[in-house]
Amino acid sequence: MPTYPIDGGAEIAVNPSGGFGKAPLSLNFQCRHVRRMLSINSGGVLERGFAGRLHWAVLNADGAWQAPAVQPDGSQDCDGTASSAHLNGDGNVTMTFRSGQVPEKITFVLVIEVGGQTHWLKGPGGENFVVDVAALAAEVGGGGLGGEARVAPREPTWPELEKAKAAALLSQKVASAAKSDTSAPVVRRRRAKAPAMVNSSDLFVKAGEMQVEQGLGSIKWTATVGADEVNVFLEALLELSEDAEVSLHWGAAPSAGSEWQPIDTLPSNCKAFDDVAARVVVPGQARLVLSFKRAQAPKAPRWLSFVLYIKFGSGELWLKRDGGDNFWVPVPRHCQAETRYQHFTQFQAAEVDFEAAAWIATVLCLADAKALEWYRKSGYQPKDMAHAQERIGGVMSAAVSNAQDPRIRTLLRLAVKAVPRGSSGGGDAIRHGILNIMRTHGIKEGHRPGIECKFIEQWHQKLHTNSAPDDIAICEGYLAYLSSGNVDEMYRVMWECGKLTREDLGKMCQMGFKDHTKSGGRGLNFTPVHLPHMYNDVKSFLGLLKHVHGGSDLFSLCEACKGQYPDHESECLAFDIFHSRDDPFSMGKILDLRRRLEPLCWKRDILMLDVAMEEQLRSLAERSNVAEIPRDGLLTFIFQILEDLMMSRHDPSLQQGYALLQKLMQQSNKWTPEWCKMLHAAFDRIALTCTATADVISTALQNCADELLEAGSKPGAVFCPDSKHLGTFGEEKARCLTERVLAQTLKVFMPQVRRWSGLGPWEVVAAGGLGGAVGILQSCHELPTEAPSEAQLLVLETMTGWEETTLDDIPANINAILLPAGQAVDTLSHVAIRARNQEVLLASCDEEQQLQELRKLQGQNLRLQVSATGEVTWTATSEKSKLKDRRKAIAASGLLQVFVTQSKPCSHSEETMQPPPPPPSAVLKASDFTKNPKSIGGKSLHLAELMADGTYRVPTSATIPYGIFEQALKDKEVLAEGDMAEARKFLEEELAVPSSVRPALDAALGEASKALDAGDWQRALKRVWASKWTDRAVASRKQMKVPDKALYLAVLVQPVVHARYAFVIHTRSPLPGASPSSALVELCVGLGESLVSNAPGRALSASVEGRVGWVECGPCIFAVEVDVKECPYDLDSNFRPVVLIGQAINVHVYPSKPEGVFVPPGANAA
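Residues numbered from 1 in each chain as written. Predicted model: local features only at pLDDT ≥ 70, side-chain atom pairs only at ≥ 80, totals over all residues. Heavy atoms only, no water.

Per an unreviewed UniProt entry, the chain goes by Pyruvate phosphate dikinase AMP/ATP-binding domain-containing protein and derives from Durusdinium trenchii. Annotation of the chain in UniProt includes, under Cofactor (unreviewed entry), the sentence "Mg(2+)". Its UniProt record gives the chain the following Sequence similarities (unreviewed entry) comment, quoted word for word: "Belongs to the PEP-utilizing enzyme family." (UniProt positions renumbered as here; feature names shortened; annotations may be inferred.)

Laid out in structure tokens, this is it:
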């Protein structure tokens, strides 16, 4: 490390790092003895750090000052020629030059500002300092690798790896076969239930990729378990020169992050380096295999830990993974070990998956909340804790930068809030700091005589062996005691600052120091001796503790980022935000700063400051009274919160919603009814995305907390968490998300926007004027499978998941389902159609007050009415509605086709059954549909009618007629045993499809039959057949009193269209007050599944009056222009209805579904 003397006795040291390959070159400047040279005492201006900068420039060939081509990180332009790099509080600054931008030489002077005076410090003789950057780069590798950096060439395939994967797959199959029950008879009447098994596909082959520090490339790894050996394949993708030699310096460890242990048996290509490490050269800088024989597998390492050793000429380099940790690879020895360590495995990967991110957030947040134990009768040195805290911040910043999934980014940013900054150099300072206090004030220390204060003695031992963030709260409490002399004040402050109780204090100091004072006490449960003269020294010690174990508060982070800000203006803005942090107008400043910091969030301190700024904006938004903000101001307020979220989450759905809002703001028809409808759709889209994210995060965190509780309750557990901390952990953390603030703001604003659109609070998709008792359910999954004894009017909190319930029809005697506006149902979805056919009122309301009034009437009998304008009203009644027979209504609707004839009204026991005719062939092609109307279902028959008309284009179709399934099904006794799940499993896995079906499908479908080869078409067909015995289908037949044997299945086969958009049309609108000539159409992006299944959000819904028009492709009710230039699958495209032949078009709802259903590009499906 070269040093440059300053004229006057101080010096500046320059420490170079990086610079090899295409890695950036960092120059760290450290000022030494400047305070002493300028005779500045500890009470002076510099007590809180240096107020200075490097005034520097590039030195050209003529010795003149020249501005750099590109400013390095940590510097900013000063006057067009010179630049400034501001020192941090420790008198240090780092400038990072990117590859290709490293100058040959730079020159600088040191500028220090003290007490209103400015000191320009130079070298001996008043000369400017000159740094030979090229020489420093060569010293650390930048000039010693010889030649241009490139990724070493290699073969496109790796045969050894593919062979090992195949062997691992074979081992998996053998293991699975060994676990299967082969004692079952060949012919069996009932399929035995298989025991629950863990999917072991990932236990025989595991793979991952880890980034190398300073952007030099990555290391890909694959670990396989074969019949004879365990292999670890490593592939280096490093940008190095051709003459560099890459070696793997590795060791074995029992768990990730633990100490290396001696290696029992080295692979044949490795040599021992010392007692615990081995080294092997990576051939051609490309690929390496480490093999462990299965006979040695019990002694093979569970974890492989390594660093890269680069040798070039006379120089050498050591490379670690991005974040500064070793590379860690799990060696799959057996299933138990892998399942035991899977979460840590995923944390060590370069890209953390969702489950691992949930565990990281759970553990760190619970530890921060003192819900996890810090002390389990084990110790560590303070420097280890401080180093770990600093290191995990670096790992977290790398993980957040690499994360692409918005949910993972959300979890990791939650974890960042719970991580102290740490300081690799502050651990020893804690240990020496408490010793200095004890010796300065004569406190007894071991056998050294002095004042006997058991509290200080025990705390001294804790700081030596278990220093942790809770020492900050202990020090705060002790200071309160020194100031007041009241021990109760000490315990009060400890509780308020760190939630520490006397019980918590009693658990501390148990690693060899259970009773260091020989007094019979435990931990820190001692009343200290009142020594008020120690106050100032203990207060200074508190600053050290905060620096090491805290540093995550806003001011500390603003200070910590000095020298790392993108420019001086950003630094000033950060401190301005801190000083005006309670001003609502600071939200705009926070956004401005976060935009500036976003490119630098790969740095630990910058990321932590960015997270703190997001938290501050959320706090300001929560305190705002949105009810008092004018509507234009409220739009700006929503824009600010949304932009803040977008920078944190990188969520495409939020970005699309934001883009639509921007388009609306550019239009000239603001606040018109049509504009408000589009605004409402954009808000709905954003609210759904926010709610979904909060729900997913809450569920993931709660699942982890529940697993901790379950594991802690088992015998032998060393730790049992308190259920009061974990019972609602997921929900409490979800409340801390900015998504919740935005969703609540939109919930207040959206009803007003709907009124400005000319719409009322109610949206009715199925009308009915029936009565019943008010009931309340949280989810559609709670709907009864059988008709309740009395008629009910249900207030249902969520309708999401209707298609996943066991219900096919709405249970009889449920006369109304009323929903919050966020659960509104598409008018032409399956559940809405069923509601209309069953004469059930299905409606949503955006006024929480009206729904709350209904909830208060729970158990009371009401009669509901729907006006012509769609308003829902109710009156109390003493009459109880009778059970209504809906079978005739459903039968009339054509929803159910059964082969039943009935000569007179009677019970089903008197019905005579007429089965369909025998199948004319294994498959009927479309041209034969009209010839065999009793062998096919209603959809096939209606397609035949459309084909006969000749006006409409009909997709290629074929039908497997009634009777083929019955011919294939021979073991009918399996279905007669009553276990529907077992019956379905038997049909899907063991039933044989007649061999005549596939040739017949090929003949009937022609070229389209090739799509069948894209997947397991036989299993898909058998799943359709097995759907006759789903719980939902059985419950529906039971409700309608239809015998199982009366239902036959025919299967319509069509190729799936790679649709951009799909729609459903009712030629007679079902909406309240609609005229007989009004048609209703609903349009969604992608396949129609998201529309008919009532997926969250709304489809484009519009009505048209008048006769049918014509366009080039045929008859048309109305046309819709869709802007697809930028993204054809944009769910928030600008839909514009086009009037045809004088038709009156009324758009009811603009689209807001966050998700669509698509066929993957290039895929075929049938």
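There's plenty left to go through after this.
Across its full length, the chain holds 35 helices and 42 strands. Expressed as a percentage of its 1166 residues, the buried residues of the chain come to 49%. Long-range pairs, those at least 24 residues apart, make up 68% of the contacts in the chain with a sequence separation of at least 6. Put simply, the chain shows about 53,900 Å² of open surface, and 52% of that area lies on carbon and sulfur atoms. (Helix = DSSP H or I, 4+ residues; strand = E, 2+ residues; numbered from the N terminus. Buried < 20%, exposed > 50% of the residue type's maximum accessible area, 1.4 Å probe, protein only. Contact = heavy atoms within 4.5 Å. Areas by Shrake-Rupley, 256 points an atom, 1.4 Å probe, with all protein chains shown as cover.)

A positive phi angle, near 65°, is found at His-33, a position not held by glycine. Within the fold, His-33 resides in the loop between strand 3 (25-32) and helix 1 (34-37). For His-650, which is not a glycine, the phi torsion comes out positive at approximately 55°. Among the structural elements, His-650 can be located in the loop between helix 20 (631-649) and helix 21 (652-665).

This paragraph deals with the pattern of salt bridges. Enumeration according to the criterion identifies 42 salt bridges in this entry. Residues participating in the shared-partner salt-bridge network are Arg-754, Arg-755, Glu-763, Asp-826, Asp-846, Glu-847, Arg-1098 and Lys-1153. (Salt bridge = Lys/Arg side-chain N within 4 Å of Asp/Glu carboxyl O.)

A separate point is the nonpolar core. If you look at the biggest cluster of nonpolar residues, it comprises 97 residues, and the most contacted ones within it are Leu-412, Leu-609, Leu-679, Phe-683 and Leu-742. Among the elements that take part in this core, helix 22 (residues 673-712) stands out by supplying 16 residues, more than any other. Other than its neighbours up to four places away in sequence, Leu-679 contacts Leu-635, Leu-661, Leu-664, Trp-671 and Val-753. In this structure, Val-225, Ala-244, Trp-250 and Phe-327 belong to the second largest nonpolar core, which totals 36 residues. (Core = buried A, V, L, I, M, F, W, Y, C linked by side-chain atoms within 4.5 Å.)

For the rest of this paragraph, the subject is the side chain of Thr-362. Along the chain, the position of Thr-362 falls in helix 7 (residues 354-368). A relative accessible area of 0% means that Thr-362 is categorised as buried. Among all residues touching Thr-362, those that are not within four sequence positions of it are Leu-701, Cys-704, Ala-705, Leu-708 and Phe-729.

The subject of this paragraph is the sheet that holds strand 32 (residues 924-925). Pairing within the open sheet is antiparallel, and its three strands lie in the order 32-33-34. Edge positions in the sheet fall to strand 32 and strand 34 (1051-1053), since each of these pairs with one other strand and no more. (Pairing = 2+ DSSP bridges.)

The grouping of Glu-355, Asp-706, Glu-707 and Glu-710 at the surface amounts to a negative patch. Counting residues per element, the negative patch draws most heavily on helix 22, which supplies three residues. Residue placement: Glu-710 occurs in helix 22. (Patch = residues over 30% accessible without salt bridge, like charges linked within 9 Å, V, L, I, M, F, W, Y side chains within 5 Å. Lys, Arg positive; Asp, Glu negative; His and termini not counted. Charge placed at Lys NZ, Arg CZ, Asp CG, Glu CD.)

Moving on to helix 19 (residues 604-622). Between the first and last C-alpha of helix 19 there are 27 Å, a value that for 19 residues agrees with the 27 Å anticipated at 1.5 Å per step. For helix 19, the buried fraction is high: 16 of the 19 residues fall into the buried class. (Expected span 1.5 Å × (residues − 1).)

In space, the seven strands of this open sheet follow the order 23-27-26-25-24-28-29, with mixed pairing throughout. The sheet is open, and its two edges are formed by strand 23 (762-766) and strand 29 (872-876), each paired on a single side. The sheet shows a mean angle of 35° between the axes of neighbouring strands, taken without regard to direction. Taken together, the four bridges between strand 23 and strand 27 (residues 841-845) define a ladder with antiparallel strand orientation. Its bridge partner being in strand 27, Glu-763 is matched across the sheet by Ser-844. Lying over the sheet, helix 26 (residues 830-837) contacts strand 23 and strand 27, oriented at roughly 75° with respect to strand 23. (Axes fitted to C-alpha atoms, helices over the stretch in contact; angles between N-to-C directions.)

Below, the discussion takes up the packing of aromatic side chains. Two descriptors summarise a pair of aromatic rings, namely the distance from one centre to the other and the angle between the planes of the rings. This model, assessed by the stated rule, comprises 21 aromatic pairs. Ring centres 6.2 Å apart and planes at 40° place the aromatic pair Phe-455 and Trp-459 in the tilted group. Note that Phe-455 and Trp-459 are positioned in helix 11 (residues 454-465) at a spacing of four residues, about one turn of the helix. For Phe-455, a relative accessible area of 0% gives the class buried. Residue Trp-459 is classed as buried on the basis of its relative accessible area of 1%. With 5.1 Å between their ring centres and 45° between their planes, Phe-555 and Phe-578 make a pair best called tilted. Taken together, the residues span a long stretch of sequence, with Phe-555 in helix 16 (residues 554-560) and Phe-578 in helix 17 (residues 568-579) at a distance of 23 residues. Using a relative accessible area of 33% as the deciding quantity, one classes Phe-555 as partly exposed. The class of Phe-578 is buried, set by a relative accessible area of 16%. Cluster of aromatic residues (ring-pair linked, three or more members): Trp-671, Trp-675, Phe-683, Phe-749 and Trp-756. Seen from the ring of Phe-354, Arg-407 lies directly overhead, with NZ or CZ sitting 4.2 Å from the centre. Seen from the ring of Trp-756, Arg-631 lies directly overhead, with NZ or CZ sitting 4.9 Å from the centre. (Phe/Tyr/Trp six-rings, centres within 6.5 Å; stacked < 30°, edge-to-face > 60°. Lys NZ or Arg CZ within 6 Å of the ring centre and 35° of its normal.)

In the predicted model, the chain carries a mean pLDDT of 78, and 78% of its residues have values of at least 70. This stretch, residues 885-912, has a pLDDT under 50; its non-local contacts, to residues over four places away or in other chains, come to 45 contacts. Low pLDDT, under 50, characterises residues 1108-1142; the stretch is placed with 85 contacts to residues that sit more than four places away or in other chains. (pLDDT = per-residue confidence, 0-100.)

The next point concerns helix 29 (residues 938-949). Since there are 3.6 residues in each turn of an α-helix, residues three or four apart along the chain are aligned in direction. Along its 12 residues, helix 29 runs 17 Å from first to last C-alpha, staying within 8% of the 16 Å computed at 1.5 Å per residue. Among the residues making up helix 29, those that are buried are Ser-940, Leu-943 and Ala-944. Relative to the axis of helix 29, the buried residues are bounded by an arc of 105° and lie together on one face. On its buried face, helix 29 is in contact with strand 33 (958-960) and strand 34. Gly-950 sits one or two positions beyond helix 29 and adopts a positive phi of about 80°. (Arc of directions from axis to C-beta.)

With that settled, the discussion passes to the packing of helix 9 (residues 406-417) against helix 19. The N-to-C vectors of helix 9 and helix 19 enclose an angle of 95°; their axes lie 10 Å apart at closest approach. For the element pair helix 9 / helix 19, the angle class is roughly perpendicular. Contact residues: helix 9 offers Arg-413, Val-416 and Lys-417, while helix 19 offers Leu-607, Met-608, Asp-610, Val-611, Glu-614 and Glu-615. (Parallel < 35°, antiparallel > 145°, perpendicular 65-115°, else oblique.)

Here we come to the environment of Val-765. Note that Val-765 resides in strand 23. For the pair Val-765 and Val-825, spaced 60 residues apart in sequence, the C-alpha to C-alpha distance is 7.3 Å.

Counting buried residues along strand 4 (residues 52-59), eight of its eight residues qualify, which places the element largely inside the surrounding structure. Two elements, strand 4 and strand 9 (residues 105-114), share seven bridges in a ladder whose sense is antiparallel. Looking across to strand 9, one finds that Trp-56 is bridged to Phe-108. As paired strands, strand 4 and strand 7 (residues 83-86) are joined by four bridges and run antiparallel to one another. Bridge pairing in strand 7 links Trp-56 to Ser-83. Bridge count for strand 4 against strand 5 (residues 65-66) is two bridges, and the pairing is antiparallel. When the bridges of strand 5 are listed, Leu-59 appears paired with Trp-65. Linkage of strand 4 to strand 5, two consecutive antiparallel strands, is achieved through a turn of five residues, within which Gly-63 is found at a positive phi near 80°.

Right, let's talk about the environment of Thr-691 for a bit. Position of Thr-691 among the secondary structure elements: in helix 22. When its relative accessible area of 38% is taken as the criterion, Thr-691 is described as partly exposed.

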